[in-house]
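Spelled out, the chains give:
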Amino acid sequence: MRPLTLAIGASLLLLVADAAAQTSSYPATAPSSISSVQVTAPPRSVRLYQEHLDAVRGVYALSNGWRLKVDSAAGGIMARIDRQPPMHLIALSPDRYVSRDGNVTMDFNRGESGDDMLMRYVPNSRVAQVIEVRATLAQR
């Protein structure tokens, strides 16, 4: 009789534990409990001529106080902000450039005179945030 009582008690404990695990209403917070994969195709560059690169080349004064230096590179431009390492951006059009990972985009030849630029970037891949910085051409 005693083994039957122990078996019934153990099975009730397992049912209660299983039911409690299924009624959790909070999202999982452990980083290893959720995994995701994002697949994107790399951007395709367009054919650029030297006149397109000359139109965007120069030093830009960004609205947040940074300085952006843009030089021509194979298939796009090299952009350097202040003393940071340079970034290679691929040309999507003569006026639009994007980094390979898609986290930085630059749109040139904006505004009335065509000397303005708009840069969008993702500061941290863990946060869903995009920052916009406007710029005017400081010198060529």
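Note that this is a predicted model, so its numbers are computed, not measured.

Colleague: Can you break down the overall build of the protein chain residue by residue, with the values?
Modeller: Within the protein chain, the secondary structure is distributed over two helices and eight strands. In sequence order, the secondary structure elements of the protein chain are arranged as α-α-β-β-β-β-β-β-β-β. Expressed as a percentage of its 140 residues, the buried residues of the protein chain come to 24%. Counted over contacts in the protein chain with a minimum sequence separation of 6, partners at least 24 positions apart contribute 35%. Here the protein chain has roughly 10200 Å² of accessible surface; of this, 55% comes from carbon and sulfur atoms.

Colleague: Lay out the pattern of salt bridges in plain terms, naming residues and giving numbers.
Modeller: Enumeration over the complete set of coordinates arrives at six salt bridges. Notably, a salt bridge pairs lysine 69 with aspartate 71, separated by 3.5 Å at the nearest N-O pair. A residue is classified by how much of its surface remains accessible, and lysine 69, at 43% relative accessible area, is partly exposed. You can call aspartate 71 partly exposed: its relative accessible area is 31%. The shortest N-O distance in the salt bridge between arginine 120 and glutamate 132 comes to 3.1 Å. A residue pair is termed long-range when its members are at least 10 positions apart, and arginine 120 in strand E7 (residues 116-121) and glutamate 132 in strand E8 (residues 131-139) qualify at twelve residues. The class of glutamate 132 is partly exposed, set by a relative accessible area of 42%. Each of Arg96, Asp107, Arg120, Glu132 and Arg134 takes part in one network of salt bridges that share partners.

Analysis parameters
- Residues numbered from 1 in each chain as written.
- Predicted model: local features only at pLDDT ≥ 70, side-chain atom pairs only at ≥ 80, totals over all residues.
- Heavy atoms only, no water.
- Helix = DSSP H or I, 4+ residues; strand = E, 2+ residues; numbered from the N terminus.
- Buried < 20%, exposed > 50% of the residue type's maximum accessible area, 1.4 Å probe, protein only.
- Contact = heavy atoms within 4.5 Å.
- Areas by Shrake-Rupley, 256 points an atom, 1.4 Å probe, with all protein chains shown as cover.
- Salt bridge = Lys/Arg side-chain N within 4 Å of Asp/Glu carboxyl O.

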